[in-house]
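# Fold and contact review
Listed below, chain by chain, are the residues.
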Amino acid sequence: MNATAQSHSFFRKAEVVGTQLAGDYPWGGLIMKFYGIEGAYPENFNRLMKEKKNIMFVPGGFEEATITVYGKDRVFIKHRKGFIKLALEYGYTVYPCYIFGETKLTNEKIGLFLNKFKLPGLMAYSKNLLLPNENVKLFTVVGKGISMPVILNPTQEHVDKFHALYIEKLVEVYDRWKGVCGGEDKLEIL
């Protein structure tokens, strides 16, 4: 995600929000500070949204990294609805995004080992040790924005409706680009 944030002006204008768990580890905290990554917790999202900042984050977060399996395209989103609720409260536009090729950077055995220590299971491992192979290509695709109406106190029905729309649009983006970008037959929604 950080590489994507530096690759295009659309992303460079965004505040990157990531798991606070990484910030609690010495190296993780240094890396987050270096890249200017904010912690992913509701108070931070509210502050950034009040300031009308563009925000970039992975809705599936730590769990999505944990379920990563080499060569399988999957997202952890079914029960991640807080970002939709906040987007409705502030009237944000939400862009469905997918990065193809990330799962080809992982080593499942190392990931499972790290999971035992409650660390994200996503770790690059290659002939370059912990750096990814240079022959893996990453493609970031962004769908058309979904403009959220301003609903100061959205009901669960509102949140569910727009969350389902987000997933629908994410799958559409995936299906549209999977042939060009090397995706699998189907994006798994977990």
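### Overview of the overall build of the protein chain
When helices and strands are counted, the protein chain shows nine helices and nine strands. For the protein chain, the proportion of its 190 residues judged to be buried stands at 36%. As displayed, the protein chain offers around 11,700 Å² of accessible surface, 58% of which is attributable to carbon and sulfur atoms.

### Here we look at helix H9 (residues 156-181)
Taking 1.5 Å of rise per residue, the 26 residues of H9 would be expected to cover 38 Å, and the 35 Å separating its terminal C-alpha atoms lies within 8% of that figure. Along H9, the sharpest kink reaches roughly 30°, centred on Asp175. All of the buried residues along H9 are Val159, Phe162, His163, Tyr166, Ile167, Leu170, Val173, Tyr174 and Cys181. Within two residues after H9, Gly182 carries a phi angle of roughly 80°, on the positive side.

### Quick word on the packing of helix H7 (residues 82-90) against H9
As a packed pair, H7 and H9 sit with axes 9 Å apart at the nearest point and diverge in direction by 110°. Of the possible angle classes, the one that applies to H7 and H9 is roughly perpendicular. Contact residues: H7 offers Phe83, Ile84, Lys85 and Leu88, while H9 offers His158, Val159, Phe162, His163 and Tyr166. In the contact of H7 with H9, the residues fall into six nonpolar, two polar and one charged.

### Remarks on the side chain of Asp73
Mapped onto the elements, Asp73 comes out in the loop between helix H6 (61-66) and strand S4 (74-75). By relative accessible area, which is 3% here, Asp73 ends up buried. A polar contact is formed between the side chain of Asp73 and the side chain of Tyr98, at a distance of 3.1 Å. Apart from the residues lying within four places of it in its own chain, the contact partners of Asp73 are Tyr98, Phe100, Thr103, Tyr174, Gly183, Glu184, Lys186, Leu187 and Glu188.

### Details of the packing of helix H5 (residues 42-50) against H7
Close contact between H5 and H7 brings their axes to 11 Å; oriented N to C, the two are set at 30°. In terms of orientation, H5 lies roughly parallel with respect to H7. Seen from above, H5 lies across H7 with right-handed handedness. Here Phe45, Asn46, Met49 and Lys50 of H5 come into contact with H7, specifically with Leu86, Ala87 and Tyr90.

### Thoughts on the pattern of salt bridges
All chains considered together, the criterion is met by six salt bridges. The shortest N-O distance in the salt bridge between Glu89 and Lys85 comes to 3.2 Å. Note that Glu89 and Lys85 are positioned in helix H7 at a spacing of four residues, about one turn of the helix. Notably, a salt bridge pairs Asp175 with Lys178, separated by 3.5 Å at the nearest N-O pair. Taken together, the positions of Asp175 and Lys178, both in helix H9 and three residues apart, correspond to about one turn of that helix. Lys178 sits in the partly exposed class, given a relative accessible area of 23%.

### Re the environment of Thr68
Examined against the element boundaries, Thr68 turns out to sit in the loop between H6 and S4. For Thr68, a relative accessible area of 16% corresponds to the buried category. As a C-alpha pair, Thr68 and Lys104 span 36 residues in sequence and 9.7 Å in three-dimensional space.

What counts, and at which threshold
- Residues numbered from 1 in each chain as written.
- Predicted model: local features only at pLDDT ≥ 70, side-chain atom pairs only at ≥ 80, totals over all residues.
- Heavy atoms only, no water.
- Helix = DSSP H or I, 4+ residues; strand = E, 2+ residues; numbered from the N terminus.
- Buried < 20%, exposed > 50% of the residue type's maximum accessible area, 1.4 Å probe, protein only.
- Areas by Shrake-Rupley, 256 points an atom, 1.4 Å probe, with all protein chains shown as cover.
- Expected span 1.5 Å × (residues − 1).
- Bend = angle between axes of the 7 residues up to and from the residue.
- Axes fitted to C-alpha atoms, helices over the stretch in contact; angles between N-to-C directions.
- Parallel < 35°, antiparallel > 145°, perpendicular 65-115°, else oblique.
- Contact = heavy atoms within 4.5 Å.
- Nonpolar A, V, L, I, M, F, W, Y, C, P; charged D, E, K, R; others polar.
- Polar contact = N/O pair within 3.5 Å; in protein donor to acceptor, adjacent residues only side chain to side chain.
- Left-handed = near helix turned anticlockwise from the far one by under 90°.
- Salt bridge = Lys/Arg side-chain N within 4 Å of Asp/Glu carboxyl O.

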